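A look at the structure
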Amino acid sequence: MFNNLSEKLDKALHVLKGHGSITEVNVAETLKEVRRALLDADVNFKIAKEFTNTVKEKALGQNVLTTLQPSQLMVKIVKDELTELMGGDAEGIDLSGDPSVILMSGLQGSGKTTFSGKLANYLKNKKTKKPLLVACDVYRPAAIDQLHVVGDQINVEVFSDKGNNDPVAIAKAGIAHAKANGFNVVIIDTAGRLAVDEAMMTEISNIHEAIEPQETLFVVDSMTGQDAVNTAKAFNDILNFDGVILTKLDGDTRGGAAISIKSVVDKPIKFIGTGEKMEAIDVFYPSRMADRILGMGDVVSLVERAQDQYDEEEARKLQKKIAKNQFGFDDFLKQIQQIKKMGNMKDLIGMIPGASKMMKGIDIDDDAFKGIEAIIHSMTPEERTNPSVINASRKKRIAKGSGTSVQEINQLLKQFTQMSKMMKMMQGGGGKRMMQMMKN
Ligand code: GDP
């Protein structure tokens with residue numbers, strides 16, 4: 001996420017390293033680079049200019065009042081301003097209605113259907129919410145099927161009426177169905193077009209008027225940069241929507257949409273999509289995003305993602321197994337699957353402060369565990385529970401079955417043994433000892 005922008009900003013802010021104070025000259029030099037970095041990331045020209053002007057004023061104004069190094073001061077001001085530009089505080093969604101109705105809008109391919117599913121899943125996991133998905137795309141039967149596939153995946157009911165070509169009627173019937181069947185959130189997925197056109201705008205505004213949703217969300221593909229901002233403006237002029245959903249932030253997004261959209265439409269970004277899987281949804285926190293843009297990572301979100309995947313019951317079982325020396329490859333596989341659910345590797349590494357910079361130039365496979373999983377899948381149940389039986393001939397068989405080499409099997413077995421030892425040590429109160437060791 002935003003690798004290019006992070007790198008360029010880092011370089012720009014580096015100019016001040018070693019300078020004793022912020023001066024008109026060095027601040028101008030730094031901000032010229034900052035502005036260039038923002039423009040390269042597809043940030044709107046006017047916004048980039050205003051941004052650097054504000055930063056300059058603040059930097060020169062605060063310079064004498066602080067004991068921070070000039071480069072630290074500049075990083076702080078840039079971070080604060082980026083946060084402000086992206087919306088200041090995080091904004092939730094309004095779920096006060098009964099049912100609360102959430103209307104999704106956006107162009108075709110923006111990720112509306114996927115996000116509808118993600119949001120339903122997110123709300124369902126909050127336990128107090130029982131969401132219903134409603135399919136209102138009457139032009140593409142495939143779109144209705146797609147929503148059903150998503151619904152099946154997350155175990156959420158989907159209301160649809162194939163053959164009915166009146167989206168307003170379907171939306172109303174969906175809400176009535178929700179009321180009659182105890183659903184307290186209704187998420188309405190609507191038809192998009194490839195570009196903003198009048199018919200689509202009329203249709204979505206008709207639905208909007210007829211159902212008066214608590215929340216109207218505009219979904220936009222962040223990869224489309226300035227176009228995303230222009231589309232947002234067109235939808236907002238008609239719908240006066242409540243919030244923006246930025247999707248596909250897991251790709252090589254340049255960042256322009258995330259940074260510019262709030263100040264152009266004056267509506268908050270509420271959620272982001274960071275992958276194709278149903279779990280790839282995050283609440284948008286401007287200050288955490290600013291941290292990520294500046295390459296400072298986002299440990300808080302990383303921990304939250306881990307917590308979302310944390311299952312107390314499973315954790316207890318695992319603890320027992322470790323204590324009894326029964327931790328096997330099946331457990332290992334489960335752990336890998338949990339990590340994978342947290343997101344793709346590149347994205348996770350980007351959330352660790354400083355890691356993106358350290359890993360620069362190293363190609364990380366999105367599916368970094370592919371080889372390991374193949375090896376474990378080629379083991380017999382006995383080998384998985386009791387790896388010590390894996391002798392030379394078994395290794396050869398496993399290597400053949402998984403398309404790997406005996407060397408790779410040996411490596412995995414070695415890692416596995418080390419990990420088991422370490423887990424045992426952490427359990428036996430060694431955790432504290434280890435933390436102490438790391439601190440020293
Ligand atoms: P819709 O036409 O607006 O309903 O868009 P879809 O939900 O069908 O999404 C279009 C494509 O984008 C699909 O292939 C999705 O899997 C993909 N997609 C949606 N959200 C994300 C995301 O956050 N990250 C990535 N990488 N792909 C996404």
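Per an unreviewed UniProt entry, the protein chain carries the name Signal recognition particle protein and comes from Winogradskyella aurantia. Under the heading Catalytic activity (unreviewed entry), UniProt records this for the protein chain: "GTP + H2O = GDP + phosphate + H(+)". UniProt lists a comment for the protein chain under the heading Subcellular location (unreviewed entry), and it reads "Cytoplasm".

**A few points about the overall build of the protein chain**
For the protein chain, the count of helices and strands is 20 helices and eight strands. Its C-alpha atoms give the protein chain principal-axis dimensions of roughly 70 × 70 × 35 Å. Taken across its 440 residues, the protein chain has 39% of its residues classed as buried. In the protein chain, once contacts between residues fewer than 6 apart in sequence are set aside, the share between residues at least 24 apart is 74%.

**Digging into unusual backbone geometry**
For the bond from aspartate 98 to proline 99, the omega torsion is 0°, close enough to zero to count as cis. Along the chain, the position of proline 99 falls in the loop between helix H4 (70–85) and strand E1 (100–106).

**As for the site of the ligand**
Around the ligand sit 18 residues in total, of which Gly111, Lys112, Thr113, Thr114 and Gly273 are the nearest. Considering each element in turn, the shell around the ligand owes the most residues, three residues, to helix H5 (residues 112–124). Tallied by class, the residues present in the shell around the ligand amount to one nonpolar, 13 polar and four charged.

**Topic: the nonpolar core**
Ranked by size, the top nonpolar core spans 91 residues in total, and within it Leu133, Val134, Val186, Ile187 and Ile188 carry the most contacts. Counting residues per element, this core draws most heavily on H4, which supplies six residues. Shared between two domains, this core takes at least three residues from each, and those domains are domain 1 (3–85) and domain 2 (100–296). Apart from the residues within four sequence positions on either side, valine 134 is in contact with Phe159, Ile170, Ala171, Gly174, Val186, Ile187, Ile188 and Asp189. Residues Ile372, Ile376, Met379 and Leu412 belong to the second largest nonpolar core, which totals nine residues.

**Comments concerning the UniProt feature "domain: SRP54-type proteins GTP-binding" (unreviewed entry) in the protein chain**
Under the UniProt annotation, "domain: SRP54-type proteins GTP-binding" (unreviewed entry) lies at residues 268–281. The span residues 268–281 carries 0% helix and 43% strand; its end-to-end C-alpha distance comes to 16 Å.

**Describing helix H2 (residues 24–40)**
Compared with an ideal rise of 1.5 Å per residue, which puts 17 residues at 24 Å, H2 spans 24 Å between its outermost C-alpha atoms and is within 8% of the ideal. Buried positions along H2 lie against helix H1 (3–14), helix H3 (45–62) and H4. Just past H2, the residue aspartate 42 takes up positive phi, approximately 75°.

**What about the pairing of strand E5 (residues 215–221)?**
Among the seven residues of E5, seven are classified as buried, and the element is accordingly described as predominantly covered. Sheet topology places E1 next to E5; five bridges connect them, and they run parallel. Counted as the bridge partner of methionine 104 is leucine 217 from E5. Across five bridges, E5 lies against strand E6 (residues 243–247) in parallel orientation.

**What to know about the sheet that holds strand E2 (residues 131–135)**
Spatial ordering of the open sheet is given by E3-E2-E4-E1-E5-E6-E7-E8, a layout of eight strands whose pairing is mixed. One side of each edge strand has no neighbouring strand; the edge strands of this open sheet are strand E3 (158–159) and strand E8 (281–283). As defined by bridge partners, E2 adjoins E3 across two bridges and the pair is classed as parallel. From the neighbouring strand, leucine 133 faces E3, where its bridge partner is valine 158. Relative to strand E4 (residues 185–189), H5 is tilted by about 170°, and along the sheet it contacts E1, E2, E4, E5, E6, strand E7 (269–273) and E8. In the packing of helix H7 (residues 167–180) onto the sheet, contacts are made with E1, E2, E3 and E4, and the angle to E2 comes to roughly 160°.

**Quick word on the packing of H7 against helix H8 (residues 198–211)**
Close contact between H7 and H8 brings their axes to 9 Å; oriented N to C, the two are set at 35°. Judged by the sense of rotation from one axis to the other, the crossing of H7 with H8 is right-handed. On the side of H7, the interface is formed by Pro167, Val168, Ala171, Lys172 and Ile175, while H8 contributes Glu203, Asn206, Ile207, Ala210 and Ile211. For the contact of H7 with H8, a count of residues per class yields seven nonpolar, one polar and two charged.

**Things to note about the domain arrangement of the protein chain**
Many analyses report the size of an interface as the accessible area lost when the parts associate. When the domains of the protein chain are assigned, the result is domain 1 (3–85), domain 2 (100–296) and domain 3 (305–439). Domain 2 and domain 3 are separated by 36 Å when their C-alpha centres are compared. The interface of domain 2 with domain 3 comprises eight residues on the first partner and eight residues on the second. Of the residues that constitute the side of domain 2 that touches domain 3, the class distribution is two nonpolar, three polar and three charged.

About the criteria used
- Residues numbered from 1 in each chain as written.
- Predicted model: local features only at pLDDT ≥ 70, side-chain atom pairs only at ≥ 80, totals over all residues.
- UniProt positions renumbered as here; feature names shortened; annotations may be inferred.
- Helix = DSSP H or I, 4+ residues; strand = E, 2+ residues; numbered from the N terminus.
- Buried ≥ 20, exposed ≤ 12 C-beta atoms within 10 Å, placed from the backbone.
- Contact = placed C-beta atoms within 7 Å.
- Near = placed C-beta within 6 Å.
- Nonpolar A, V, L, I, M, F, W, Y, C, P; charged D, E, K, R; others polar.
- Core = buried A, V, L, I, M, F, W, Y, C linked by C-beta atoms within 7 Å.
- Domains from an automatic or database assignment.
- Expected span 1.5 Å × (residues − 1).
- Pairing = 2+ DSSP bridges.
- Axes fitted to C-alpha atoms, helices over the stretch in contact; angles between N-to-C directions.
- Left-handed = near helix turned anticlockwise from the far one by under 90°.

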